[in-house]
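Chain by chain, the residues:
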Amino acid sequence: MSYAELHCLSNFSFLRGASHAHELVRRAQALGYSALAITDECSLSGIVRAHEIAKETDFKLIIGSEFRMPDDQRIVLLVPDAHAYTQLCELITRARRQAKKGSYIIGYADFLNADRCIGLWVPGQKIAEESLQQFAALPLTDRYIAFSHHLASDSENRLTQLSGLGRRHHISLIATGEVYYHERERRPLHDTLTAIRLKTTVDAIGRSGFANSERHLRPISTLQKLYPPELISNTLKVADQCHFKMSELHYEYPEELVPQGCTVTQHLRQLTEAGLHRRWPKAVPDKVRALVEKELLLIEELKYEHFFLTVADIVQFARSQNILCQGRGSAANSTVCYALGITEVDPARISMLFERFISKERAEPPDIDVDFEHQRREEVIQYIYNKYGRERAALAATVICYRTKMAVRDVGKALGLPLDLVDALSKSMYWFDRKSVLPDRLLKLGFDPESRLSQQLYALVEQLVGFPRHLSQHVGGFVISHHPLSTLVPVENAAMPDRTIIQWDKEDLETLGLLKVDCLALGMLSAIRRCLDMVGAYKGQTMTMADIPAEDPATYAMLCRGESVGVFQVESRAQMSMLPRLKPAHYYDLVVQVAIVRPGPIQGGMVHPYLRRRQGKDKISYPSPELEKVLGRTFGVPLFQEQVMEIAVVAAGFTPGEADHVRRSMAAWQRRGGLDHFHDKLTNGMLERGYTAEFAEQIYQQVLGFGSYGFPESHAASFALLAYVSAWLKCHEPAAFCAALLNAQPMGFYAPAQLVNEAQRNGAVFLPIDIRYSQWDSVIELQTDQSPAVRFGFRMASGMPKEEAERIVSERTQGPFKSIDELAARAQLSKKAINALAEANALQSLAAHRHLARWSALGVEHLPGFLAETSMPEASITLRAPSEAQNIVADYRSTGLTLGRHPLARLRPRLDALKVKRSEELAKLPSGRYVRIAGLVTHRQRPQTAAGIMFVSLEDETGISNLVLWKSVQENQRQDILSAQLMIVYGELQKEQGVIHVVAKKVRDYSHWLGQLSTGSRDFR
């Protein structure tokens, strides 16, 4: 006799289930179960992951969910067919939508619309017959009383009692394991999760925990000894009734975009033809016409017309509202999307594999990402909600999972470690630390790393990392449907008001083939639009991206010097180091530049071969004439995801759809493992066609590299357009470009201080916040010679409310302010606003210096009636003006930067005494020389692909210096490296092809020299 487990929770019953879905499915199959039901609590969040592994292993998965009733009894609903699945989704949606995020409210009446489902009544510790009576009255297809035998002392008595209840109410009993983990060894983790959920310790969970470890998937032979045969046979009966599979889901696109009297195919054709005429008003090139016909034919065959129309409609709305947007992705960069205006990337400028986003072998829609100005994306989101309604449009979920630092904190508390030790241990874990460093951290905190408690901590953290913690909303992935989404997937409230999310993430959607339109927020688009508006305003003419001349030599020359602070996609230290070596001179060079500093090419060992071939140092060769067509544009070295796919097609005999399946499997591989079969198919296919084993293995490693972060050529092509536009603006309009970046904060790699310092070094002029001239945003002011200067906006003053700043701007049109009291009264300023202005030194026209402004701000009173704009006479006082150092500290505290001297300029005499070089001096020194450099730490970056190397940027009054810190240096000087605001470094100067950096040997924290000055760094993986 076999067995079907019908009550099993995965770790998507957050802080309850202690196993991943793939672990449960594989274990059930290994034990010979006939089926397994995943019944997470009021949730289907983990069901797609279970479906993936069940489909892969050809194992029967039953869909269900558990609900805890107000009387502490539980009901499990199981899904026999598609209609029942819809009922379950709608039930979960109702329960979730009427409660705050992360909870649900449900009563027995809510189950009246679940008549196609099978129900299991799961009694609580105290069996409540009244609850069973209500359960018996529900109009379910079938119903059972669940009995779980966990070797408790009262298990047999409960069986007898439940059997009696079943006879009285004519309901059969059924065996369930009430499973929380796949094997008994997970019981300690479950106890830990329980303690975390209850905000207590494992020792204190009491009856909230389990008395033994029997809540796991047990061998059938064990179950046969515990349960009467009829209870086990009932599990098989229910399993036979449940034939629904997730692959049966039927999804329909929204239809209202098609005019009456026109088919969807005709409408897409009409819009495409109109777009082609706009792009090529004289005549559509033959090559373009052929591409369009091929794409339209395949779109029609696979019925994806609504998808393209939906995206085009959203983009058209944004354009109508003057919201800058740009589509990207292979689908976005198709000829059809170029005609529809979704992208500005001419497909003729790049080589693309059409099957990268659409093929007959894939039952899923293409993927299109559309970036919008990040400060106006909410308008687009509300347009979608208003057009389709909250019932048919919702955001995808993002699964927030445990990382090492959070796991250490939660497990440490659950194990009862002293709170000060837990806090210190968590704070000692930095963004790049892995679980393996825990023993060393404990030892340095004076704790025995070999103790039993320490060993428990390691084991539990190891298991917990990667567990889902809760659902959050995706950054912009919208799911839109013709029918209410709740018939397809449960919908719940997001943390943000007026937002709803579905219970699946983007990988789940891709697996099931659901339409997802990514409406993403991109800060650079906001900055570009603001910059174009500013330039157009002071030049007296409208300016758009189309007005920026292509292939400008001065722009490329700037990039070749590595001057890319603030430039989209190429502003990181790694990109800056690559620019002088790659020397971009044309658009496609920027496409390569954007993509080459990525884990895929780096892990695949493609960067240096590409550069050497590009520089003429190595011969350009191709493994075969067929691959020359694929790799010719990158000198025989595969750099892009599309090239890897094309190689699989050309060199290994894959179909285009199979090649894309390799790409998609990367995400699944990361989720559940198992890529060996692709390795064999790929390498064997290449060997059969005469390629070397070395080349075949190289390509496989490239595929693995893209598993971490696959960057397609199509995305790089879209990003390269924005990179060029932002570079041109930086080169030719540095003041407006910097002002735009300041107004678009927070965004990008650099803080405002670095953006301003870089612009000043390039000749830009900046003017301070001033109540007489400043707007809310930073703006361009023309100087006497008509050159542009940047006037800082009120937004840069920390704590300044926007509404009150706008009242200042409005009031001053009625006449100048004569005193701080008058200013406060006329603009109705709060104490917070007055203090913010004083701290920012924005009151210089009314107070001689910052100290007087602060003093005056303390005396501001809002008097009633006719006294409103008067002030009580006070004796004048004399306050000493702040020193330069005090002003610098106050500037950084208020605005995060100073227009006075750089802090390092004040410290230069002391630095000179230590023979510390300025950043600008490094270019004049020979490579290999040992030097001392110093600076404010602006960035720390430790990429996962850099073999433990950390890159640090130091800023002094002359520029930015780049450090390379090997892993051994980090380990020996960890505290100084990670905590320093001001760092002095001794190391070897290395220079190659215009790239300058210092390989650090000794690092010292000199932050105490800064006194009260507080600066921050941006730390990245």
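Residues numbered from 1 in each chain as written. Predicted model: local features only at pLDDT ≥ 70, side-chain atom pairs only at ≥ 80, totals over all residues. Heavy atoms only, no water.

Once that is clear, we can look at the pairing of strand E10 (residues 393–401). Taken together, the eight bridges between E10 and strand E11 (residues 468–480) define a ladder with antiparallel strand orientation. Within E11, the residue paired with isoleucine 400 across the bridge is histidine 470. (Pairing = 2+ DSSP bridges. Helix = DSSP H or I, 4+ residues; strand = E, 2+ residues; numbered from the N terminus.)

Moving on, we get to the environment of alanine 980. By secondary structure assignment, the location of alanine 980 is in the loop between helix H40 (974–979) and strand E22 (982–992). Judged by its relative accessible area of 3%, alanine 980 falls in the buried class. The spatial distance from the C-alpha of alanine 980 to the C-alpha of proline 497 is 40 Å, given a sequence separation of 483 residues. Sequence-distant contacts of alanine 980, defined by excluding residues within four places in its chain, comprise Val937, Arg940, Gln975, Asp1005 and Ser1007. (Buried < 20%, exposed > 50% of the residue type's maximum accessible area, 1.4 Å probe, protein only. Contact = heavy atoms within 4.5 Å.)

Before going further, it helps to examine empty space enclosed by the protein. If you walk through the whole model with that rule in mind, you get three cavities of 30 Å³ or more. Considered as a void within the structure, the second largest cavity measures approximately 50 Å³ in volume. Residue lining of the second largest cavity: Gly566, Glu571, Leu741, Gln745, Met747, Gly748, Phe749, Tyr750 and Leu755, and that is the complete set. For the lining of the second largest cavity, the residue count by class is five nonpolar, three polar and one charged. (1 Å grid on protein atoms, 1.4 Å probe; cavity = no way out; pocket = protein on both sides within 12 Å on 5 of 7 lines; lining within 4 Å. Points joined across faces, edges and corners; volume = space filled by probe spheres on them. Nonpolar A, V, L, I, M, F, W, Y, C, P; charged D, E, K, R; others polar.)

For the rest of this paragraph, the subject is the UniProt feature "domain: Polymerase/histidinol phosphatase N-terminal" (unreviewed entry) in the chain. Summarizing the sequence annotation, UniProt attributes the feature "domain: Polymerase/histidinol phosphatase N-terminal" (unreviewed entry) to residues 4–71 in the numbering used throughout. The span residues 4–71 shows a helical share of 31% and a strand share of 21%, and its end C-alpha atoms are spaced 28 Å apart. (UniProt positions renumbered as here; feature names shortened; annotations may be inferred.)

Segmentation of the chain into domains returns domain 1 (4–248), domain 2 (404–465), domain 3 (599–708), domain 4 (764–868 + 881–889) and domain 5 (903–1019). Relative to domain 4, the C-alpha centre of domain 1 lies at a distance of 63 Å. (Domains from an automatic or database assignment.)

Bringing the pattern of salt bridges into the picture now. On inspection of all chains with the given rule, the structure shows 53 salt bridges. Of the charged contacts in the structure, one is a salt bridge between arginine 633 and glutamate 646, with a shortest N-O distance of 3.4 Å. Of this pair, arginine 633 sits in the loop between helix H25 (625–631) and helix H26 (641–652) while glutamate 646 is found in helix H26, placing the two residues 13 residues apart along the sequence. On the accessibility criterion, arginine 633 (19% relative accessible area) is buried. Between aspartate 956 and arginine 908 there is a salt bridge, and its shortest N-O distance comes to 3.7 Å. Of the two residues, aspartate 956 sits in strand E20 (residues 950–956) while arginine 908 sits in helix H38 (residues 903–913), which places them 48 residues apart along the sequence. Take aspartate 956 and arginine 908: they sit in the same class, and that class is buried. Three or more residues are tied together by salt bridges with common partners; here these are Arg908, Asp912, Arg918, Glu921, Asp956 and Glu957. (Salt bridge = Lys/Arg side-chain N within 4 Å of Asp/Glu carboxyl O.)

This part covers the nonpolar core. Formed by 130 residues in total, the largest nonpolar core has its most connected members in Phe67, Leu77, Tyr85, Met246, Phe308, Ile384 and Trp504. The element best represented in this core is helix H11 (residues 305–320), accounting for nine residues. (Core = buried A, V, L, I, M, F, W, Y, C linked by side-chain atoms within 4.5 Å.)

Cis geometry marks the peptide bond from glutamine 745 to proline 746, where omega comes out at 0 degrees. Positive phi outside glycine occurs at phenylalanine 635, with the angle close to 55 degrees. Overall, phenylalanine 635 belongs to the partly exposed group, its relative accessible area being 22%.

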